[in-house]
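Fold and contact review
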Amino acid sequence: MARYTGPSCRLCRREGSELFLKGERCYTDKCAIKRRSYPPGQHGQGRIKVSDYGVQLREKQKVRRIYGILENQFRGYFETADRMKGVTGENLLFILERRLDNVAYRLGFATSRDEARQLVRHGHFTLNGKKVNIPSLQVKAGDVLQLREKSRKVAAISESLEGVVRRGIPQWLELDKDAFKGTVKAMPVREDITMPIQEQLIVELYSK
């Protein structure tokens, strides 16, 4: 499977904003973009004129990298969102938010989406009582995601749950920390997505 294996912090610097790809490190002074807020590379500190297309492309790349999605799958999500009722850009974000790996991250079981994806793939969770290992699975209202009994002693998961207060849990999700489970109370709305995303730019890019 194709995937990015380079430095995560380089991606944040390239997009010019914190993408929170490195878990707890992103909340400390060690965050690369706080120390070097310019793009990586030899000409990173130079003045670069960006076209309208360039702005749209960077926004699309930023959202792809936030959620850890490859181009073909991201394009497929956009086409699905375009066929749905409502605003295409918001529909796209809702699809991304409803991914199982993102829900596991949002509930605090992992410090990053990459970590959450790995936990899902390794079978650490059940969904509505059944073992699940598909990170891209779309959750729906009423679904219950729970950590399996044998996984509750994993130190990294316990530490992540202790630090979830810093990130906060969106209103469409509910965490029962003692039972190691989270419930999807409703579908996400635009106000639940607090990352600085301009989804209309992505719609404009794919509509060319």
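Residues numbered from 1 in each chain as written. Predicted model: local features only at pLDDT ≥ 70, side-chain atom pairs only at ≥ 80, totals over all residues. Heavy atoms only, no water.

One non-glycine residue, Asn128, adopts positive backbone phi at about 55°. Here Asn128 lies in the loop between β1 (125–127) and β2 (130–132). Its relative accessible area of 42% is what places Asn128 among the partly exposed residues. (Helix = DSSP H or I, 4+ residues; strand = E, 2+ residues; numbered from the N terminus. Buried < 20%, exposed > 50% of the residue type's maximum accessible area, 1.4 Å probe, protein only.)

Moving on: the packing of helix α4 (residues 71–83) against helix α5 (residues 88–97). Direction vectors running N to C along α4 and α5 enclose 125°, while the axes themselves pass 8 Å from each other. Comparing the axis directions of α4 and α5 gives the class oblique. At the point where α4 passes α5, the crossing takes the right-handed sense. When α4 is examined against α5, the residues Phe74, Tyr77, Phe78, Thr80, Ala81 and Asp82 are found in contact with a partner set consisting of Thr88, Asn91, Leu92, Ile95 and Leu96. Of the residues that constitute the contact of α4 with α5, the class distribution is 7 nonpolar, 3 polar and 1 charged. (Axes fitted to C-alpha atoms, helices over the stretch in contact; angles between N-to-C directions. Parallel < 35°, antiparallel > 145°, perpendicular 65-115°, else oblique. Left-handed = near helix turned anticlockwise from the far one by under 90°. Contact = heavy atoms within 4.5 Å. Nonpolar A, V, L, I, M, F, W, Y, C, P; charged D, E, K, R; others polar.)

Attention now moves to the environment of Ser136. By the element assignment, Ser136 lies in the loop between β2 and β3 (144–147). The spacing of Ser136 and Gln73 is 63 residues in sequence and 9.9 Å in space, taken between C-alpha atoms. Discounting chain neighbours no more than four positions away, the residues touching Ser136 are Gln73, Tyr77 and Arg99.

With that settled, consider the packing of aromatic side chains. Geometry of an aromatic ring pair is reported as the spacing of the ring centres plus the angle between the planes. Applying the stated criterion across every chain, the model contains 3 aromatic pairs. Where Phe74 meets Tyr206, the ring centres are 6.3 Å apart and the plane angle is 40°; that geometry is what we call tilted. Of the two residues, Phe74 is situated in helix α4 and Tyr206 in helix α10 (residues 199–206); the sequence distance between them amounts to 132 residues. Judged by its relative accessible area of 10%, Tyr206 falls in the buried class. Each ring, one from Phe78 and one from Tyr206, has its centre 4.8 Å from the other, and the planes form 45°; the classification is tilted. Of this pair, Phe78 sits in helix α4 while Tyr206 sits in helix α10; the two residues are 128 residues apart in sequence, bridging distant segments of the chain. By the ring-pair criterion, three or more aromatic residues cluster together here, those being Phe74, Phe78 and Tyr206. Over the ring of Tyr67 we find Arg113, and its NZ or CZ is 4.7 Å from the ring centre. (Phe/Tyr/Trp six-rings, centres within 6.5 Å; stacked < 30°, edge-to-face > 60°. Lys NZ or Arg CZ within 6 Å of the ring centre and 35° of its normal.)

Across the sheet, 5 strands lie side by side as β2-β1-β3-β5-β4; this open sheet has antiparallel pairing. Only two strands of the sheet have a single neighbouring strand rather than two, namely β2 and β4 (173–176). Each adjacent strand pair in this sheet contributes to an overall mean axis angle of 30°, direction not counted. Across 3 bridges, β3 lies against strand β5 (residues 181–184) in antiparallel orientation. Across the sheet, Val144 pairs through a bridge with Thr183, a residue of β5. (Pairing = 2+ DSSP bridges.)

Attention shifts here to the packing of helix α6 (residues 100–107) against helix α7 (residues 113–121). A pair of packed helices is captured by two measures, namely the crossing angle of their axes and the spacing between those axes. Relative orientation of the contacting elements α6 and α7 amounts to 115°, with a least axis distance of 8 Å. Our pair here, α6 against α7, has a crossing hand that is right-handed. Facing α6, whose interface residues are Leu100, Asp101, Asn102, Ala104, Tyr105 and Arg106, α7 presents Arg113, Ala116, Arg117 and Val120. Taken together, the residues of the contact of α6 with α7 break down into 5 nonpolar, 1 polar and 4 charged.

The element α5 is extensively covered by neighbouring structure, given that 9 of its 10 residues are classed as buried. The inward-facing, buried residues of α5 abut α3 (52–67), α4, α6, α7 and α10.

The next point concerns the pattern of salt bridges. Within this structure, the stated rule accounts for 11 salt bridges. In this structure, the salt-bridge partner of Arg117 is Asp114, at a minimum N-O distance of 3.0 Å. Taken as a pair, Arg117 and Asp114 lie in helix α7 at a separation of 3 residues, close to a single helical turn. Arg117 sits in the buried class, given a relative accessible area of 7%. One connected set of salt bridges, linked through shared partners, spans Arg99, Asp101, Asp114 and Arg117. (Salt bridge = Lys/Arg side-chain N within 4 Å of Asp/Glu carboxyl O.)

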